[in-house]
Amino acid sequence: MVSVPSFLLRHRVTVEPYLGDSAYGPRYGDSVADVPALVAETVRMVRAPDGREVTSTAQVIAAPDLVCPAGSRLTLPDGRVTTALSVAHHTAPGLPVPACTEVSCE
């Protein structure tokens, strides 16, 4: 499987993977800084994991091995902290198309 070329991932983001809820609110894993990504700050309608239609204001394209479940916190290149609404893993086995992970953010 071919990954998205690294020279296309011009931005850097920080990801704090969502681990679940505790008695004190959401829990996050260790912060992973300097993750190569391509960030597009456009408004789109996406479906949240619970089925609601929500507005995404940023989309992040990263390598296919990115660990970022829905609910994770991301810090975008401009310093804005946002939450992952949905995560899509794009693959095309056997085709000359790069694999990637797309994260739609609040």
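Our subject is the structure that appears above.
What counts, and at which threshold
- Residues numbered from 1 in each chain as written.
- Predicted model: local features only at pLDDT ≥ 70, side-chain atom pairs only at ≥ 80, totals over all residues.
- Heavy atoms only, no water.
- Helix = DSSP H or I, 4+ residues; strand = E, 2+ residues; numbered from the N terminus.
- Buried < 20%, exposed > 50% of the residue type's maximum accessible area, 1.4 Å probe, protein only.
- Phe/Tyr/Trp six-rings, centres within 6.5 Å; stacked < 30°, edge-to-face > 60°.
- Core = buried A, V, L, I, M, F, W, Y, C linked by side-chain atoms within 4.5 Å.
- Contact = heavy atoms within 4.5 Å.
- Salt bridge = Lys/Arg side-chain N within 4 Å of Asp/Glu carboxyl O.
- Pairing = 2+ DSSP bridges.

**Student:** Could you clarify how one ought to interpret unusual backbone geometry in this entry?
**Tutor:** Across residues other than glycine, the phi torsion is negative in most instances, and most of the peptide bonds are trans. For aspartate 34, which is not a glycine, the phi torsion comes out positive at approximately 60 degrees. Note on placement: aspartate 34 falls in strand S4 (residues 32-40). For aspartate 34, a relative accessible area of 52% puts it in the exposed group.

**Student:** Please explain the packing of aromatic side chains as it appears in this structure.
**Tutor:** Aromatic ring pairs are described here by two measures, namely the spacing of the ring centres and the angle between the planes. This structure, assessed with the given rule, holds 1 aromatic pair. Considering the side-chain rings of tyrosine 18 and tyrosine 28, the 6.1 Å spacing of their centres and the 65 degrees angle between planes classify their relative orientation as edge-to-face. Of this pair, tyrosine 18 sits in strand S2 (residues 18-22) while tyrosine 28 sits in strand S3 (residues 25-28), and the two are 10 residues apart along the sequence. Exposure remark for tyrosine 28: the relative accessible area of 23% places this residue in the partly exposed category.

**Student:** What's the story with the nonpolar core in this structure? I'm lost.
**Tutor:** In a soluble, globular protein the nonpolar side chains are often hidden away together inside. The biggest cluster of nonpolar side chains holds 15 residues, and the ones touching the most others in it are Val13, Val15, Val60, Leu66, Cys68, Leu74 and Val103. In contact with valine 60, other than residues within four places in its own chain, are Ala37, Leu38, Val39, Leu74, Leu76, Thr101, Glu102, Val103 and Cys105.

**Student:** Which parts of the structure should I look at to understand the pattern of salt bridges?
**Tutor:** Oppositely charged side chains are able to pair whenever their charged atoms sit close together. Tallied over the full model, the rule gives 6 salt bridges. Arginine 52 serves as the salt-bridge partner of aspartate 50, at 2.8 Å between the closest nitrogen and oxygen. With relative accessibility at 53%, the residue aspartate 50 sits in the exposed group. Overall, arginine 52 belongs to the partly exposed group, its relative accessible area being 49%.

**Student:** What exactly am I supposed to notice about the pairing of strand S7 (residues 58-62) here?
**Tutor:** The side chains of a regular strand alternate, first on one face of the sheet and then on the other. With 4 of 5 residues buried, S7 is to be regarded as a mostly interior element. Strand direction decides the pairing type here: S7 and strand S10 (residues 100-105), joined by 5 bridges, are antiparallel. Bridge assignment links glutamine 59 to a residue of S10, and that residue is serine 104.

By themselves, these figures tell us nothing about what the structure is for.
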